[in-house]
Structures are given as C-alpha cells and as structure tokens.
Amino acid sequence: MLCGGAIEVRKVFTEDTVGKEVTVRGWVHRVFKVGGKVFAWVRDPTGVVQVVFEKSSLPEGTWPQVKKLTRESSLEVRGVVREDPRAPGGREVLAKTLKVYGFSPPFPIRGKEEIEFLLDIRHLWLRSRRMTAIMKIKHTILKALREWLLREGWWEVTPPILTGSAVEGGATLFEVKYFDKKAYLSQSAQLYLEVLIYSLGKVWSLTPSFRAEKSRTRRHLSEYWHLEIEGAWYDMEDTMKVAEEMVAYAVRKVLEERREELEFLGRDVSKLEPALETPYPKITYDEAIERLKAKGFNIEWGDDLGADEERALTQDFEKPFFVTHFPKHIKAFYMKPDPKRPEVVLGYDLLAPEGYGEIIGGSQREDDYDKLLQRIKEEGLNPKDYEWYLDLRKYGTVPHSGFGLGVERLVMWVAGLDHIRDATPFPRWRGRIYP
RNA sequence: GCCGGGGUAGCUCAGCCGGUAGAGCGCCGGGCUGUUAACCCGGUGGUCGGGGGUUCGAGUCCCCUCCCCGGCGCCA
C-alpha cells in the first residue's frame with residue numbers, strides 16, 4: 001500500500017484484485033477517446049494499467065474533466081478491477097472517481113523524435129519506459145557492487161572532488177575558481193585512496209569523476225560515476241580477482257532482479273551469462289599485439305590500442321577479459337614496472353565483450369620513493385604538487401594495487417546500450433550541460 | 001583538435017535548373033459506446049540556425065559564423 005491508500009499499478013495484475021475497488025495513481029501514458037468512453041493507460045513506476053471512464057459510472061460533474069485528459073496528465077482514480085481480454089494485460093479499472101492533480105499540455109514526445117530534440121527535453125524523455133528500465137538496471141548494478149565490497153570487508157571512504165592537482169596530465173581537467181586560487185574537479189580518487197590504505201587497508205569510493213576531454217565517442221562522458229578500490233598488500237593479480245568477482249556478481253544480480261527490464265531493452269541475456277563464470281581470460285599486451293597482427297592490423301609493439309583494435313580483440317571472447325602488462329610509456333606514471341621486464345608495467349584493463357571494450361583500468365602502484373619521483377619528473381609533472389603523495393612512499397611504504405571502474409561503461413554493456421549517454425540520466429559531454 | 005553528416009511548422013521530413021514554402025503527425029472544432037501508434041470530416045500552423053554577398057528576385061548560389069549528430073585520438 002502506498003501513502004494515501006493507493007496501490008502500485010503492477011499489483012492490479014499480480015494480486016487478487018478482480019471485482020475489488022482499488023485506487024491507482026500515476027500519469028496518463030496514452031489516452032483514447034472513443035464515442036462515450038475514454039480509455040487512459042495509467043503509468044506509475046511499476047507498470048501500466050488501462051482505466052476506463054464511462055459517464056454513467058462517474059459522479060456528476062466529472063465527465064468534462066475526463067474529456068480534457070491528455071498524455072502525461074497526473075491523476076488518481078478509484079475504481080473496480082475487472083477482467084477483460086480487450087485490456088492490455090487482461091485487466092482494467094472501471095473508474096468511479098477521478099482526481100486530476102495536473103493536466104498536461106501536448107507532450108512533445110510521441111516516438112519518432114530525433115536524438116538532438118530528445119536530448120534537449122531529456123527531463124521529459126526520462127519518463128519513457130526505456131530510460132526507466134535503464135535507470136533500474138543501473139540501480140541494481142550500483143547496489144550489487146556495494147554489496148560485494150561491503151561483504152568482502154572493504155571500507156567505504158569519501159575522497160575530495162575539489163583537488164589541487166592532476167592525477168594524470170593536466171589537459172583534461174575542469175578548472176574551477178577556489179577562493180583566490182585555482183582548483184580542479186577530480187578525475188580520479190586514486191591518489192587519495194592510496195593515502196587511506198595506510199590506515200584502513202582496503203578502501204573504496206564511489207564518486208563522480210570529471211574529464212574535460214573533447215571526446216566525441218559513444219563511450220565517453222565528461223562526468224561519470226567512478227568506482228575505485230585500493231588495497232594495501234594487494235598485488236596486480238589480487239585486484240584482478242576483485243575486479244572479476246565484483247563484475248560477475250553485478251551481472252548475476254541484474255540477471256536475477258532486472259530480467260524484465262533487460263527484455264524490454266531487447267538485451268540478449270545469453271550474451272551476459274558467460275560473464276557469471278570466473279576467472280576471466282587474461283592475455284598480455286604482447287599477445288594482444290600478436291592477435292591484432294594476425295587479424296591484419298598495422299600495429300607494432302609499443303603502440304596504444306585504439307578503439308578499432310580494442311573492438312577487434314573483444315570478438316575473440318564471449319565474456320570480459322583482461323589485457324595486462326602494457327608498455328610503460330603508454331601508461332600513467334604511478335604504475336609499477338614489472339621487475340622481470342621493466343619495459344612493461346603491472347597494469348591491466350578489463351574489456352567487456354561484444355565490442356564494448358574497457359570498463360576497468362587498474363594497476364599495481366609504484367611503491368619506491370626514488371622511482372616514483374623519477375617517473376613524476378619524466379612526465380614533466382611538478383614534484384611539488386605530489387609531495388604528499390610521495391610522502392606515502394617515505395613513511396612506511398607498502399606494495400599496493402587498485403583499479404577504477406566506469407559505472408556507466410558497465411551499465412552500457414550489461415544493458416546492451418549503443419551509447420553511454422543513456423547510462424546516466426543527465427549526461428554531460430563536450431558542450432552539453434542542459435538540462 | 002581532425003574528418004564526415006545536418007539545422008525548413010510543435011515533431012518527422014520534402015522542397016528540381018534561383019521565381020517570396022508543402023506533406024504526414026500533433027493541436028483546435030465536430031462525429032463515433034472497446035480504444036491498443038484509433039478512425040472519419042473541417043480548421044490551425046513558418047524570422048527556412050545567424051550575418052553578409054551575388055541577383056530584378058535566394059530555403060536554393062558564394063563567403064563568414066553559431067549550434068547539433070556520427071567517427072577518430074584520449075580514457076573508465
């Protein structure tokens with residue numbers, strides 16, 4: 001029972017309501033006016049039910065309001081549930097009373113609008129069944145990721161969003177005014193998480209991250225939700241295990257709890273099922289290059305993997321897989337070189353299949369003071385900005401590793417979306433900041 | 001930043017070799033007692049993204065500019 005004595009629309013169908021009086025509330029999803037009857041499909045967060053209005057069943061004075069009902073008008077109806085094969089879902093509500101909360105002017109979305117228009121009225125588009133399904137899936141993914149981490153004993157911490165310096169390079173930072181100084185919106189909590197492992201051991205955070213890249217791809221947002229973990233005494237392999245177990249758990253939860261939404265989105269769930277099984281395959285960067293050469297790519301050892309290359313690699317796997325041991329020069333300064341092969345780092349990406357590509361990037365961190373300082377200098381960064389970070393290697397350094405997961409990337413793959421913007425209600429990229 | 005596509009009615013689009021704009025849907029009015037993207041009849045609807053130029057005349061040709069979409073690089 002909802003507040004005010006109403007029931008969820010779904011319950012009209014799932015509970016023993018036939019012949020009984022119920023109150024439903026929601027928005028008019030569609031309305032048909034036929035002769036002396038009006039059919040309104042009423043939508044709430046749980047479903048859609050057909051409400052039938054007949055003049056003879058309604059109190060004096062209500063009929064003119066019924067005639068004025070429009071799409072997206074909000075209302076409350078008390079009526080009797082009855083079975084009728086002509087009603088969607090086999091049941092409908094014959095209205096006895098109507099309370100209109102707000103009439104709606106003509107709703108601008110009817111189903112064949114262009115993306116540009118839809119993005120401008122995103123605040124209305126979010127009412128669609130498609131966006132609702134995606135947001136429910138995202139909810140379940142976030143819940144599952146949290147559940148897994150809490151169950152495994154990871155501490156949730158709260159790193160800052162306003163930061164004084166870059167994590168990796170300065171070109172992609174959003175600059176903000178900070179009193180009489182400059183500050184930046186965080187693009188990763190990693191450095192702060194590294195601080196916190198010295199007291200808590202295993203930590204994680206879920207925060208927005210910001211990238212000012214002028215990206216124009218279907219896999220980039222300027223603002224996205226970033227799940228990051230960092231563990232003391234975790235080596236690269238240890239965090240890869242965390243990554244695959246956590247992802248597998250999230251996929252399992254979505255398959256258990258969001259079946260209906262996946263179906264509505266047309267997602268082929270058989271493509272997700274292989275991801276339930278861990279461990280995930282692992283290939284080295286060297287092997288990736290070999291595979292790509294065999295596929296006819298013009299690529300040499302030392303080149304970074306581009307979008308086409310990544311997509312081609314995902315064709316070889318039916319579940320997420322790791323690519324490990326990248327050349328040092330294409331990765332961030334904080335990654336620890338492989339002691340056995342100093343030209344590569346102890347870093348990895350987790351790529352989702354079906355062309356989706358990278359959803360996680362992780363590494364073991366450089367834990368030696370001198371080597372880290374040298375890498376900072378090599379990158380042209382100012383060691384002064386990283387003094388506190390370098391201190392971590394001075395005061396009782398410890399081997400440690402971690403990764404960052406792009407929540408919207410994970411949602412995109414699980415839900416089978418063709419653009420990351422739909423994995424978040426109010427996407428920000430390039431110039432888009434409205435609504 | 002680079003490459004490609006686009007901006008005409010509220011929406012989706014058409015508009016030829018330059019002659020001051022059309023359709024469908026929506027909306028409004030009327031009709032219809034079971035609609036499922038309802039249907040039928042009538043009506044309504046435009047600074048053709050912005051600026052400049054060529055021309056007797058520009059949605060159409062030329063120049064500049066703004067915005068949007070797709071792709072690349074970068075990344076999660």
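Refer to the preceding data block for the structure.
Small disclaimer: the values here were computed from a predicted structure and weren't measured.

**Focus: the sheet that holds strand S13 (residues 321–324)**
Working step 1: The mixed open sheet is built from eight strands, whose spatial order is S6-S10-S11-S18-S17-S16-S13-S12. Either end of the sheet is taken by a strand with one partner, and the two such strands are strand S6 (155–156) and strand S12 (282–284).
Working step 2: Sheet topology note: the S12/S13 ladder contains three bridges and is parallel. Paired with threonine 284 across the two strands is threonine 324, which belongs to S13.

**What about the packing of helix H5 (residues 129–151) against helix H7 (residues 236–257)?**
Working step 1: At their nearest, the axes of H5 and H7 sit 8 Å apart, and the two run at 135° to each other. Our classification of the angle between H5 and H7 gives oblique. Where H5 crosses over H7, the two elements pack in a sense that is right-handed. Between H5 and H7, the contacting residues are Ile137, Thr140, Ile141, Lys143, Ala144, Leu145, Glu147, Trp148, Leu149 and Arg151 on the first element and Val242, Glu245, Met246, Tyr249, Ala250, Lys253, Val254 and Glu257 on the second.
Working step 2: Considered class by class, the residues forming the contact of H5 with H7 number eleven nonpolar, one polar and six charged.

**Digging into the environment of leucine 272**
Working step 1: With respect to the helices and strands, the residue leucine 272 is situated in the loop between helix H8 (259–264) and S12.
Working step 2: Owing to a relative accessible area of 0%, leucine 272 belongs among the buried residues under this scheme.
Working step 3: For the pair leucine 272 and lysine 319, spaced 47 residues apart in sequence, the C-alpha to C-alpha distance is 7.5 Å.
Working step 4: With residues near it in sequence (within four places) discarded, leucine 272 still touches Val251, Leu255, Leu262, Arg267, Trp413 and Val414.

Parameters and conventions
- Residues numbered from 1 in each chain as written.
- Chains lettered and ligands numbered in written order.
- Predicted model: local features only at pLDDT ≥ 70, side-chain atom pairs only at ≥ 80, totals over all residues.
- Heavy atoms only, no water.
- Pairing = 2+ DSSP bridges.
- Helix = DSSP H or I, 4+ residues; strand = E, 2+ residues; numbered from the N terminus.
- Axes fitted to C-alpha atoms, helices over the stretch in contact; angles between N-to-C directions.
- Parallel < 35°, antiparallel > 145°, perpendicular 65-115°, else oblique.
- Left-handed = near helix turned anticlockwise from the far one by under 90°.
- Contact = heavy atoms within 4.5 Å.
- Nonpolar A, V, L, I, M, F, W, Y, C, P; charged D, E, K, R; others polar.
- Buried < 20%, exposed > 50% of the residue type's maximum accessible area, 1.4 Å probe, protein only.

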